[in-house]
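Fold and contact review
Okay, here's what each chain looks like letter by letter:
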Amino acid sequence: DTGVSQNPRHKITKRGQNVTFRCDPISEHNRLYWYRQTLGQGPEFLTYFQNEAQLEKSRLLSDRFSAERPKGSFSTLEIQRTEQGDSAMYLCASGTRGDPRREQFFGPGTRLTVL
Amino acid sequence: GQQLNQSPQSMFIQEGEDVSMNCTSSSIFNTWLWYKQDPGEGPVLLIALYKAGELTSNGRLTAQFGITRKDSFLNISASIPSDVGIYFCAGVTSGSRLTFGEGTQLTVNP
């Protein structure tokens, strides 16, 4: 399977706990994106990386959120001191810089439930 | 927050009918993408549009990039039960982030 993969697929945690999600992009893609999707809404942009550099962050990304892509391959998204409002589907997508088509391909997502 | 207005919010149709949905924006986009999302899964790219006025087909799907670059529509012909899902439009500006519409929930009755 050469698509975008995300782990875990589901995470249930208690308020105040820290959680970390992983995304493995399509291997030849140098751009990696994180989005958040709440029920009944379209995905909303959080941040993106080009190789290991984090180039843009949304205002949605509070200081409790941190994302890394240390070797320019997989990425992790950590949420510290989770709140019930963090419950959502966290989606990762990958693409290629310089691709005039600007296409982004999504993984299956990680569903976070904060109790 | 969302900048794209997608309509209708939901559609209930009979198998075999054609479907049309659209997106409008107050902003200009350089690329329009249409995705389909099944419950509990990530969005899957259906069609991409790159030039104003462009009309593109993918099987039973046809999409157009509006002349003003502020709108796009998606048509599905001869719907089948597996077309059920949520359809999203997404626009791309000169940057890299996708801005999504609110989605159109499609239900197809056999």
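Description of the structure in this document. (Residues numbered from 1 in each chain as written. Chains lettered and ligands numbered in written order. Predicted model: local features only at pLDDT ≥ 70, side-chain atom pairs only at ≥ 80, totals over all residues. Heavy atoms only, no water.)

**As for the overall build of chain B**
This is how the line gets drawn: The way it works is that DSSP assigns letters per residue, a run of H or I at least four long becomes a helix, a run of E at least two long becomes a strand, and they are numbered from the N terminus. We compute the radius of gyration over the C-alpha atoms and compare it with the globule rule, which gives 2.2 Å times the number of residues raised to the power 0.38. Buried, partly exposed and exposed residues are distinguished by accessible area as a fraction of the type maximum, computed with a 1.4 Å probe on protein chains only: under 20%, between the cut-offs, and over 50%, respectively. Accessible areas in this description were obtained via Shrake-Rupley with a 1.4 Å probe; residue shielding takes into account the shown protein chains only.
If you tally the helices and strands in chain B, you get 0 helices and 11 strands. Listed by position from the N terminus, the elements making up chain B come as β-β-β-β-β-β-β-β-β-β-β. A globule of 110 residues ought to have a C-alpha radius of gyration of about 13 Å, and chain B, at 13 Å, matches this closely. Counting all 110 residues of chain B, 43% fall into the buried class. Roughly 4900 Å² of accessible area belongs to chain B as shown, and the carbon and sulfur atoms make up 51% of that amount.

**Brief notes about the layout of surface pockets**
Taking a probe equal in size to a water molecule and rolling it over the atoms shows the remaining empty space. Keep this limit in mind: Cavity: a set of points on a 1 Å grid over the protein atoms alone where a 1.4 Å probe fits but cannot get out. Pocket: an open set with protein on both sides within 12 Å along at least five of seven lines, its lining residues, like those of a cavity, having an atom within 4 Å of a point. Grid points are joined across faces, edges and corners, and a volume is the space filled by probe spheres set on the points. Under the scheme applied, nonpolar residues are Ala, Val, Leu, Ile, Met, Phe, Trp, Tyr, Cys and Pro; charged residues are Asp, Glu, Lys and Arg; polar residues are all the others, including Gly.
Approximately 270 Å³ is the volume attributed to the second largest pocket. If you go around the second largest pocket, you meet 18 residues; those closest to its centre are Gln37, Leu39 and Gly40 of chain A together with Gln37 and Ile86 of chain B. The class makeup of the residues in the lining of the second largest pocket is 5 nonpolar, 9 polar and 4 charged.

**As for the sheet that holds strand E3 (residues 19–25) of chain B**
Residue and element names in this part refer to chain B. Selection criterion: Note on pairing: DSSP must find at least two bridges between two strands before they are called paired. A fitted line through C-alpha atoms represents every axis, and for helices the fit uses only the stretch in contact; the resulting angles, taken between N-to-C directions, go from 0 to 180 degrees.
Strand order across the open sheet formed by 5 strands is E1-E3-E8-E7-E6, with antiparallel pairing between neighbours. Every interior strand has two partners, whereas the edge strands, strand E1 (4–7) and strand E6 (55–58), have only one. Adjacent strand axes in the sheet meet at a mean angle of 15° when their direction is disregarded. Across 5 bridges, strand E7 (residues 61–65) lies against strand E8 (residues 71–76) in antiparallel orientation. Each bridged residue has a counterpart across the sheet, and for phenylalanine 65 the counterpart in E8 is serine 72.

**Thoughts on the environment of asparagine 51 of chain A**
Residues and elements named next belong to chain A. Threshold: Only heavy atoms matter for contacts: two residues are in contact if any of them lie within 4.5 Å across the pair.
Inspection of the secondary structure puts asparagine 51 in the loop between strand E5 (44–50) and strand E6 (53–57). We classify asparagine 51 as partly exposed; its relative accessible area is 34%. On a C-alpha basis, the gap between asparagine 51 and alanine 93 in space is 13 Å, while along the polypeptide they are 42 residues apart. Apart from the residues lying within four places of it in its own chain, the contact partners of asparagine 51 are Asn30, Arg69 and Gly72.

**Regarding the packing of aromatic side chains**
Here the distance between the centres and the angle between the planes together describe a pair of aromatic rings. Residue and element names in this part refer to chain A. Just so we agree on the cut-off: Classification of ring pairs uses Phe, Tyr and Trp, with its six-membered ring standing for Trp, and accepts pairs whose centres are within 6.5 Å; under 30 degrees between planes counts as stacked, over 60 as edge-to-face, and the remaining range as tilted.
Counted according to the given criterion, the structure contains 13 aromatic pairs over all chains. Consider the rings of tyrosine 35 and phenylalanine 45, whose centres lie 5.8 Å apart with planes at 75°: the pair is edge-to-face. Here the residue tyrosine 35 occupies a position in strand E4 (residues 31–37), and phenylalanine 45 occupies one in strand E5, the gap between them amounting to 10 residues. There is no split in this pair, since tyrosine 35 and phenylalanine 45 are both buried.

**Observations concerning the environment of glycine 72 of chain A**
Residue and element names in this part refer to chain A. Mapped onto the fold, glycine 72 is located in the loop between strand E7 (65–68) and strand E8 (75–79). Distance in space between the C-alpha atoms of glycine 72 and phenylalanine 105 is 17 Å, their sequence separation being 33 residues. In this structure, glycine 72 is in contact with Asn51 and Glu52, ignoring residues within four places of it in sequence.

**Structural notes on the interface of chain A and chain B**
Stated precisely, the cut-off is as follows: When two parts are put together, the accessible area they lose, computed with a 1.4 Å probe and summed over both, is reported as buried area. Salt bridge, as applied in this entry: a Lys or Arg side-chain nitrogen positioned within 4 Å of an Asp or Glu carboxyl oxygen. Think of a polar contact as two N or O atoms within 3.5 Å of one another; within protein, one of them needs to be a possible hydrogen donor and the other a possible acceptor, and neighboring residues in sequence only count if both atoms come from side chains.
On the chain B side, the residues contacting the 26 residues of chain A number 23 residues. Contact with chain B buries surface across chain A, with Pro43, Arg102 and Phe106 of chain A losing the most and accounting together for 28% of the total. One can count 2 salt bridges joining chain A with chain B. Remark: the boundary between chain A and chain B carries 8 residue pairs in polar contact (both at pLDDT 80 or more). When contributions to the side of chain A that touches chain B are tallied by element, the ones reaching two or more residues are E4, E5, E6, strand E9 (88–95) and strand E10 (105–106) of chain A. The leading source of residues in the side of chain A that touches chain B is E4 of chain A, at 4 residues. Class assignment of the residues belonging to the side of chain A that touches chain B gives a composition of 11 nonpolar, 7 polar and 8 charged.

**Looking at the pattern of salt bridges**
If you walk through the whole model with that rule in mind, you get 7 salt bridges over all chains. Here glutamate 41 of chain B ties to arginine 9 of chain A by a salt bridge, and the two come within 3.5 Å at their closest N and O atoms. Pair noted here: glutamate 41 of chain B is in the loop between strand E4 (31–37) and strand E5 (44–49) and arginine 9 of chain A is in the loop between strand E1 (5–7) and strand E2 (10–13), and the two residues belong to different chains. Arginine 60 of chain B is the partner of aspartate 83 of chain B in a salt bridge, and the nearest nitrogen-oxygen pair spans 2.8 Å. Residue aspartate 83 of chain B is found in the loop between E8 and strand E9 (85–92), and its partner arginine 60 of chain B is found in the loop between E6 and E7; the two are separated by 23 residues along the sequence. Residues participating in the shared-partner salt-bridge network are Arg64, Glu83 and Asp86 of chain A.

Keep in mind these numbers describe shape, not what the thing actually does.
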